[in-house]
Amino acid sequence: MSGATSLFPFFVGFILTATGVQATCPIELSPPRVVVRYGDPVSVNCSTSVPQHGGMGWEAKIGGRPLEMVNHSTWTVGKLTEWTISPKCFINLQNMQVGSQCLKKLNIVLYAFPENISINSSSDSDGVMRENEQYNLTCHIHQVAPVEYLNVTWYKGDRPVNKSTFNKTLTKNPVDKLSVYTVTPTRRDNGVTFRCEATMDLGPEGPQLNVSSQEINITVHYGPEVKCSDINILEGETLESKCPVEGNPTPSVRWMKDGELMGPSRPLTRENAGRYVVEAQGASNLSKNIQVLVMYGPELMCPKSYTTMEHSPLNLNCTVKGYPEPELTSYKDGGEVELIGNLTRSDTGLYVIKASNNRSSVNVTVQINVMYGPEVKCSDINILEGETLESKCPVEGNPTPSVRWMKDGKLMGPSRPLTRENAGRYVVEAQGASNLSKNIQVLVMYGPELMCPKSYTTMEHSPLNLNCTVKGYPEPELTSYKDGGEVELIGNLTRSDTGLYVIIASNNRSSVNVTVQINVMYPPSPIVELEDSEVENGSYAFLKCSSKGNPRPTYIWNYFRAPNVMEENEDGDSRLVIHNATGYNTGSYTCLASNKGGHVSKTARLTVKDAKPECPIEITPHRMVIPYRGLTKTAACKPTSADAGNVNETYWEVHGIKFYKDKWSPETGEDWDPRPVCTITFRGLGPCQKAVNFTLYKTPGSVSIRPVHNGTSVVEGSELQLQCDVISAAPARSLTVRWYQGNETLQPLIRGPMRVASCLFENGTKCDISVVRSPVDVSYTINITLDRKHNGVEFRCEAQMDLGPEGPQPPPSMRSEPLNITVHYKPAINTTKLPKKIPVFRGYPEELVCEADGHPRPNIKWISKNKVPRLPNATLTVSEAGLYNCTATNEIESTFYVVEVILKEDYLPLIAGFVAVTVVAISIVFLFIYSIYYKNTRMRRYSLKNPRLSTHNGNVAHNGWDMQFPMTKLAAAWGTLVSAKCPTEISPKSVVVEYGHSFSVNCSSSSNEITGMGWESKLNGIPLTERVTVLTLVIPSVSLWKLSPQCYVNLNDNTQCTERLPVTVYKMPDSVSMPQPSPSGSMAEGEKRRLRCDVTNVAPARNLSVLFHKGNKIVSTNTFSVASLEPVNVSAVYDLIAHKDDNGARIWCEAKLNFLTPGLQNTSKLSAPQEVIVQYPPTFDQPENETLEVPAVDKIILNCSATGHPAPVYSWHSPPPVRQTDMNPNKNQLILTRSHQFPGPYSCTASNPKGTTTKYFTLVEAPRNRTTFAAIVGALGLLGVVLFLTGLYFVKADGTCSLNKGSYQPTSSGPFQYNGNFSHYFVVATLSGEGCSLILKPSRVVVGFGEPVTVSCEAARPVRVLGWESTISASHTQQDLSIQWKVDSLIDWIEEPICYGVFFTAPRQCEEKLNLVLYKTPDRVSIRPVNHTGPMVEGKEYQLLCEVQNVAPVQYLNLRWYRGQSEVYNHSFADLTSSSPVQVSSILVVTPTRAENGAQYRCVAELELGPEGPQPPPTVASEPLNASVYFPPTFLSPEPEVLELTLGAEISLNCTATGNPAPVYSWQSSHPTQERTEDEAVLTFSSLVPGTYICTASNALGKKSKQFIVKAKTKGV
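These numbers were taken from a predicted model, which means no experiment stands behind them.

### Some remarks on the overall build of the protein chain
Part 1: When you go through the protein chain residue by residue, the secondary structure sums to 6 helices and 130 strands.
Part 2: Summed over its atoms, the accessible surface of the protein chain is roughly 88,000 Å², and 50% of this surface lies on carbon and sulfur atoms.

The following block contains the structure:
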């Protein structure tokens, strides 16, 4: 480019600036908004799409860039520390109408964020707050900017309670901010923790920052509160248990009764009831009157026995005590009775008298005896043999009378068992309260006596002949029973009479029976229950064979014995059980039943529905593929069942001929279709056949290609039909024909039929390719519509025989010889190099070049305006205005193109001279102004180098305005501390000692007014020692955590004073550890991870500091407000936000005890360090883009070094002339030798799994004789002359500037035009250009990992170079308007293919990036509970974790949680941006109920990839997680039940409850005689004492009780 050319845009920009008109600023900032941490580097690229402009640059306090003639300029600062930075990118525009400079301001946010914040309280130093008083919690955030992005959230426990925001400040510098949260505590807040968390949301371009303060624990003091009013208390209980007094601090409590102090822990007795006064002192004072009633259970006293005469009133004296007053209840024989009125003999008995109140119950037993005279309880009697007189005819009386029995004058013992011989008349005599004599008739009865044989066997239809003998009185009656029913055994016996008989002999006294087995024998009956049936495929089925006979029949089955069939015999029946029925079970089944009397049989058929009838034949091999006249093979036929009993016969059948053998070998000669079939006849199935899939193949003899109707020369647009002939191939149905255009597979729009060559009409099996198996000649045709691109192309066809996996591999194929096609097409004139209008300046002739393409090659002629044809030449020199016609002609057609030549006058040299003079004048004015400014500012320059100290003071540097402040050194005079009250001195003043170690301290006095001194101490105290002035306290081993010794002295005036020694007892921690954070492993930049430091068994915690170290820097300090002096376990946390500078850093924590005692060492302990691994995307060492000039030295080194973790992988993209083989794709440097230094864009991409970044290198040609603006200013006057001469000589008539006065070359910007008006001279010149005319088909692609992908890029206008930039399958073309990016198996996760085009017209180069989504479904989806094993408990909160392994891209992942079939939660990961496979997880918080016991949880990972992705979206589900929920027992009917007891009837108490684990039951009764414990839910009683019964159902989670109240009718007198 010449110097005149470089000055031209400057002149145009100057004129445009002078007009003052501003157009839209064509500047693009990338990125438009930047968020930078204070001290970090920043780089922003400013680019423009305007091809011609006056230069661009950056205005900034730091990193500004001067005006440069480039299309992109990068503002870069290595360490940004200027808070008020406001960089602007500016550009000097050129426009034919207006001209100006425009700029865009960069939206930059410089931030600072503290690594830790602190919190304090307005309460006392001990952290104590009083209830219902207001306190302020203050959060200190130091050095933060900008504050308008700052949010402070207050947490109470883990719950946010307040949020603070901040307004924008006037300054951008970091400031300290406070957030105050006002809290009014209640007693429920005692022990809660507060913390504040500062967050900064800097938008999508910035990180999400947050830091949390340490937690502050508050203690709330509140006054005493008596937790009762008037109370009822059980005897033995205490006041403090029934009426506690609460407060914080714990109040001092006194109980007073009648002016006397009562201990609150003293068990109360009934005498202690009354009114009490409770007094409590704590945070406040309290006094309250309380009425105390002491309750105690009943006390009952009664006589053990009571005797009286019949019909006398009851006079039983019992005493009872208790509070509340007890209630008396009487029980007799388990029932409640009322003892009222006169007593009768029935009232005699044992009574239980029960006294009860609401506290307890007590009972005593009393024997009541009612006396009466003798009474014989019978008249005439019937007595059983063996019974006694006294048992059947008792004589009653009270007291018991004396009784005699007489028969025939003889005394008979009443207790003597009677026999049948003792029947007769008796006399009974009784003496007691009175005398009695009575006659009684006694009859002796005895039961039947029966004898029969045990069994009786006979044949069917025979008479019964059973002999039995029977005795008894009264005479017995015989009855026979069978199967529980009465029968009569008469006539001949049948089979139905077989059975067990009971023969009973009975009279009115008793009965006796014997068992007789009668066996009637008969042959088997016809078989029943065996019928034809159908079953579902895969279901359970059975066939039953049942026959009746005596003896019981035996069964034999005949069927096809499959392994899933089992025989079972049970209860006289036989069954075939079929598991998982298949086609093998379809067939006939025969059952044979037999015994000694005969046999029967029956056959049934079983059909398995929807199951293909299986043929249990196995042929090896099942498919045979044998070449023509090749080696033969053998096929073996055998049954699949190992049971040889299933097979009747086996044979092969070929061409209708049977061969009774199990193997067959084919002939490979001329037998093309033998169709061999193996047949086996099976028992139960019948005959079954399977054929061998036999193929005898022959490869083609030849393959050829030819046109069908026309020759090899065809006109563009006509249709060409090609035929591929395949000779002598078999079988034809296995043939596949592929067509090739050049080396690419041809996909024709029209495919012709495939047919047998010798068949004109396919009307027979010999012409049916799917049927014929012998060798035939076949032909294939395709139709192609030709265009000019087909000219000279070779077409071939290939026949391939695909015989399946059993055939030869690879499949045999044969290609034809190539067929060349010639395509004739009409001429087309290249209009890109020949504009419609061309200006010609007078005196400067121009050449018009006409180029045309066509076949045959066209002839080109020029015709001028006077219709005079010129010579047939493509180049025409013109100097006159007019119309010029270019005509291109060949055999096909002619075409023409008309160019208008416009004659112009050249005023540019004059204009150039005027502009040069104007520039010189402006330059002189500028230099004059600058010289004045320089002189005025030079005298006031300041320098801070080598400052001199002031002569006034050697410490301070001064200037004329410094104020002098005198510095006085302060000196402290130390002397002996003397106190008039206690003249003692302790040395040392305080002690810090480790627990278990020793220390000693001196207490001395120089006063002569003391009489003695001593030490008061819990350890090794020293009593008063007289006449000493020094006393040493020695403690060999400190064993207390709180120790405060005092030295005391007794003075002469009988007074005593003390001096306390502060002692701090400490213990170094047992361990200091940092557990692995969750999740562990490497971190991504910007990720937040909480580190915890655990310090165990350390004291005192208030002196403890936990420091987190990162490298050599302390990044966090935690202190603790713990009042306890004893050892405690504490933890501190530090929120680490990963930065790339942290990669490889070591982090550890230090626990340090801080004491003011000098010389104390080794008070800190360190944890083991943890190494931080931070993964971050690549960052270039020199991030700004570079522009280099060629030709250069012998080599150019393009440096693309970048840092990142993992280490970056590099890929280079270069202009098409540079071969990709000359570039190492994984090196950070590209070395270009002279032979490869081609101008154009070079890009280097550094990538790792965390991201990708690209740097551009632009190689431009070195300028020739370029004159810079600095040279113009230096030359001043000489410049005007040079510019004027340059304008006269170098500016051509067409408005362009060049050092070469050559021929006219039209540019994409169009001709420079002038229409006679100077003011309009620059207005007509316009910048013409088109958009980026690249079209991607498809524009978005979704590809599975490892799958193929093909994308086409098409140019909508003529293109010089079209190509794909990609790490794989990069390609380019200089001929076609489309190019494909094709990958057979895409496995590159960071692949970002870009289609680029270099065009003839502006924009010269543009690109389109493919929207490519590479996805991978998860390897595994699993679900498990977090920190929990075993069953869950109802009402508690649990976390379920779903983990998804190796899924990409994660932003398209949706994780759906299901309970059963219901979706309960949907987790989206749209906020993540990783494109490579990652492992993610989701947590579901559940609070189970008993209804969810047994529920199944699962999670389903679904990739929703949009309409271009697979449909339905791919999903992977986890295995279900079964939830077992434990819950306490709950009764089905929890209300108390009242039951009425009916005498003699059973009663049931139902206490059934539900619970998990299953409840265990226990029972309790209020009746002392009915105490029992059962473990059953339902109790059934035949006799039950009325009262209250309590059932308790319990399991591991709790217990519930239910009450049953049983009432009975009262029996009174």
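We are not done yet, so read on.
### A closer look at the sheet that holds strand β114 (residues 1432-1433)
Part 1: Ordered by their spatial adjacency, 3 strands build an open sheet running β114-β122-β125, and the pairing between neighbours is mixed. Two strands lie at the open edges of the sheet, namely β114 and β125 (1553-1556), each paired on one side alone.
Part 2: With 2 bridges connecting them, β114 and strand β122 (residues 1525-1531) associate as parallel partners. Residue pairing in the sheet places V1433 in a bridge with Y1526 of β122.

### Here's the deal with the pairing of β122
Part 1: Pairing of β122 with β125, which is carried by 3 bridges, proceeds in the antiparallel orientation. Among the inter-strand pairings, F1531 is bridged to a residue of β125, identified as A1553.

### Side note on the pattern of salt bridges
Part 1: Counted according to the given criterion, the structure contains 55 salt bridges.
Part 2: Here D1419 and K1416 are joined by a salt bridge, their closest N and O atoms 2.4 Å apart.
Part 3: By relative accessible area, which is 17% here, K1416 ends up buried.
Part 4: Salt bridges linked by common partners bring E131, R187, E225 and K227 together as one network.

### Comments concerning unusual backbone geometry
Part 1: In this structure, the amide linkage connecting N398 to the following residue, P399, adopts the cis form with an omega of 10°.
Part 2: One can find P399 in the loop between β33 (395-398) and β34 (402-407).
Part 3: Omega for the peptide link from N550 to P551 comes to 0°, which places this bond in the cis form.
Part 4: For P551, the location among the structural elements is in the loop between β45 (541-546) and β46 (554-558).
Part 5: Unlike most non-glycine residues, D610 shows phi in positive territory, near 60°.
Part 6: Looking at where D610 falls in the secondary structure, it is placed in the loop between β50 (598-609) and β51 (617-620).
Part 7: Under the relative-accessibility criterion, D610 is labelled exposed at 71%.

### A few points about the sheet that holds strand β57 (residues 677-682)
Part 1: Strand order across the open sheet formed by 4 strands is β55-β54-β57-β58, with antiparallel pairing between neighbours. Of all the strands in the sheet, just β55 (657-659) and β58 (686-691) have a single pairing partner and so form its edges. Going across the sheet, the axis of each strand differs from the next one's by a mean of 30°, ignoring polarity.
Part 2: Alignment of strand β54 (residues 647-654) against β57, held across 6 bridges, turns out to be antiparallel. Directly across from W652, in β57, lies its bridge partner C678.

### Regarding the state of the cysteines
Note: disulfide means a covalent bond formed between the sulfur atoms of two cysteine side chains.
Part 1: Applying the stated criterion to the full structure yields 19 disulfides.
Part 2: Here C378 is linked by a disulfide to C393, with a sulfur-sulfur distance of 1.6 Å. Because the torsion about its S-S bond is -85°, the bridge between C378 and C393 counts as left-handed. In this pair, C378 sits in the loop between β31 (361-376) and β32 (381-384) while C393 sits in the loop between α3 (389-392) and β33, placing the two residues 15 residues apart along the sequence.
Part 3: Through a disulfide, C1353 is tied to C1395; the S-S separation comes to 1.9 Å. Since a negative S-S torsion denotes a left-handed disulfide, the C1353-C1395 link at about -75° is left-handed. Of this pair, C1353 sits in strand β106 (residues 1349-1355) while C1395 sits in strand β110 (residues 1394-1399); the two residues are 42 residues apart in sequence, bridging distant segments of the chain.

### Focus on the nonpolar core
Part 1: Counting 41 residues, the largest nonpolar core has W557, Y589, I617, I619 and W652 as the members making the most contacts within it.
Part 2: Here I619 is in contact with A635, A636, C637, W652, C678, K690, A691 and V692, once residues within four sequence places are set aside.
Part 3: Listed in part, the 35 residues of the second largest apolar core include I705, W739, V776 and F795.

### Observations regarding the environment of I1379
Part 1: Take I1379: it is sitting in strand β109 (residues 1378-1383).
Part 2: We classify I1379 as buried; its relative accessible area is 11%.
Part 3: C-alpha separation for the pair I1379 and C1353, spaced 26 residues apart in sequence, amounts to 5.4 Å.
Part 4: In this structure, I1379 is in contact with V1351, S1352, C1353, L1362, G1363, W1364, S1371, H1372 and T1373, ignoring residues within four places of it in sequence.

### Some words on the pairing of strand β93 (residues 1146-1153)
Part 1: Pairing analysis gives 7 bridges linking strand β90 (residues 1104-1110) to β93, with the strands arranged antiparallel. Opposite L1104, over in β93, you have L1153 as the bridge partner.
Part 2: Where β93 and strand β95 (residues 1170-1171) come together, 2 bridges link them in antiparallel fashion. Opposite I1147, over in β95, you have Q1170 as the bridge partner.

### Observations concerning the packing of aromatic side chains
Part 1: Throughout the structure, instances matching the rule amount to 18 aromatic pairs.
Part 2: Centroid distance Y1066 to F1155: 5.3 Å. Interplanar angle 45°. Geometry classified as tilted. Taken together, the positions of Y1066 in strand β86 (residues 1063-1066) and F1155 in the loop between β93 and β94 (1164-1166) put the pair 89 residues apart, joining distant regions of the chain. Like F1155, Y1066 is buried.
Part 3: Members of the aromatic cluster, connected to one another through ring pairs, are W154, Y181 and F194.
Part 4: Directly above the ring of Y155 sits R195, whose terminal nitrogen or CZ lies 4.2 Å from the centroid.
Part 5: Cation over ring: R345 sits above Y372, and NZ or CZ is 3.7 Å from the ring centre.

### A closer look at the environment of V726
Part 1: Tracing the chain through its elements places V726 in strand β62 (residues 719-729).
Part 2: V726 sits 88 residues away from M814 along the chain, and the two C-alpha atoms are 9.3 Å apart.
Part 3: When near neighbours in sequence (up to four residues on either side) are disregarded, V726 contacts P700, S702, V703, L735, V776, D777, V778, Y780 and A799.

### Thoughts on the confidence of the model for the protein chain
Part 1: Per-residue confidence for the protein chain gives a mean pLDDT of 81, with 86% of residues at or over 70.
Part 2: Confidence drops under pLDDT 50 across residues 1219-1223; counting only partners more than four residues distant or on other chains, this segment forms 9 contacts.
Part 3: Every residue in residues 1291-1330 scores below 50 in pLDDT, and together they form 85 contacts with partners more than four places removed in sequence or on other chains.

What counts and what doesn't
- Residues numbered from 1 in each chain as written.
- Predicted model: local features only at pLDDT ≥ 70, side-chain atom pairs only at ≥ 80, totals over all residues.
- Heavy atoms only, no water.
- Helix = DSSP H or I, 4+ residues; strand = E, 2+ residues; numbered from the N terminus.
- Areas by Shrake-Rupley, 256 points an atom, 1.4 Å probe, with all protein chains shown as cover.
- Pairing = 2+ DSSP bridges.
- Salt bridge = Lys/Arg side-chain N within 4 Å of Asp/Glu carboxyl O.
- Buried < 20%, exposed > 50% of the residue type's maximum accessible area, 1.4 Å probe, protein only.
- Axes fitted to C-alpha atoms, helices over the stretch in contact; angles between N-to-C directions.
- Disulfide = S-S within 2.5 Å.
- Core = buried A, V, L, I, M, F, W, Y, C linked by side-chain atoms within 4.5 Å.
- Contact = heavy atoms within 4.5 Å.
- Phe/Tyr/Trp six-rings, centres within 6.5 Å; stacked < 30°, edge-to-face > 60°.
- Lys NZ or Arg CZ within 6 Å of the ring centre and 35° of its normal.
- pLDDT = per-residue confidence, 0-100.

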